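The chain contents come next:
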Amino acid sequence: MLKPLGDRVVVKFEEVEEKTVGGFVLAGASHDATKVATVVSVGDGIRTLNGDLVAPSVAAGDKVLIESGAGIEVKDGDEKVTIVREADIVAIVE
């Protein structure tokens, strides 16, 4: 399992298949401005200029909306996950 540093968050995107009326599967939802993901693990947070630690606003297991194209995709064992900064997270889905 990956343990991100600082304000980084490891997420796993939900695969959404879009189909046409004829049943053809469209390649990804790349036209969406945001994507839904599940938080896998969270870093400790970021330090202020005073040295105070600001804890992240998300926790493991949260469903979040992330800007399309944000982060870097890495492989963790057999899974593909993405590491994003907390600032790239738009909202928590409740």
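Everything below is about the structure shown above.
Because the structure is a prediction, the values reported are computed rather than measured.

Kindly report on the nonpolar core, identifying the contributing residues and their values.
In this structure, Val9, Val11, Ala37, Val39, Val42, Val58, Val64, Ile66, Ala70, Val84 and Ile89 together form the largest nonpolar core, which totals 11 residues. Going through the elements one at a time, strand 1 (8-13), strand 4 (34-42) and strand 7 (63-67) are the ones with two or more residues in this core. Among the elements that make up this core, the one with the highest residue count is strand 4 (three residues).

How would you explain the side chain of Asp88 if you had to name every residue and give the values?
Tracing the backbone shows Asp88 in the loop between strand 9 (79-85) and strand 10 (89-93). One buried charge, Asp88, has no salt-bridge partner; the nearest side chain with opposite charge is Arg85, at 6.3 Å. Excluding anything up to four places from it in sequence, Asp88 contacts Leu65, Ile66, Glu67, Ala70 and Gly71.

Can you lay out the pattern of salt bridges for me, pointing to particular residues and giving the numbers?
Under the criterion given, the structure shown has three salt bridges. In this structure, the salt-bridge partner of Asp7 is Arg85, at a minimum N-O distance of 2.9 Å. One end of the pair, Asp7, is in the segment before strand 1; the other, Arg85, is in strand 9, with 78 residues separating them in the sequence. Looking at Asp7, the relative accessible area reads 14%, which means it is buried. Note on Arg85: relative accessible area 38%, which makes it partly exposed. Lys63 is paired through a salt bridge with Glu14; the nearest N and O atoms lie 2.3 Å apart. Of the two residues, Lys63 is situated in strand 7 and Glu14 in the loop between strand 1 and strand 2 (18-19); the sequence distance between them amounts to 49 residues.

Quick notes on the rules
- Residues numbered from 1 in each chain as written.
- Predicted model: local features only at pLDDT ≥ 70, side-chain atom pairs only at ≥ 80, totals over all residues.
- Heavy atoms only, no water.
- Core = buried A, V, L, I, M, F, W, Y, C linked by side-chain atoms within 4.5 Å.
- Buried < 20%, exposed > 50% of the residue type's maximum accessible area, 1.4 Å probe, protein only.
- Helix = DSSP H or I, 4+ residues; strand = E, 2+ residues; numbered from the N terminus.
- Lys, Arg positive; Asp, Glu negative; His and termini not counted.
- Salt bridge = Lys/Arg side-chain N within 4 Å of Asp/Glu carboxyl O.
- Contact = heavy atoms within 4.5 Å.

Without other data, these values stay purely geometric and don't point to any function.
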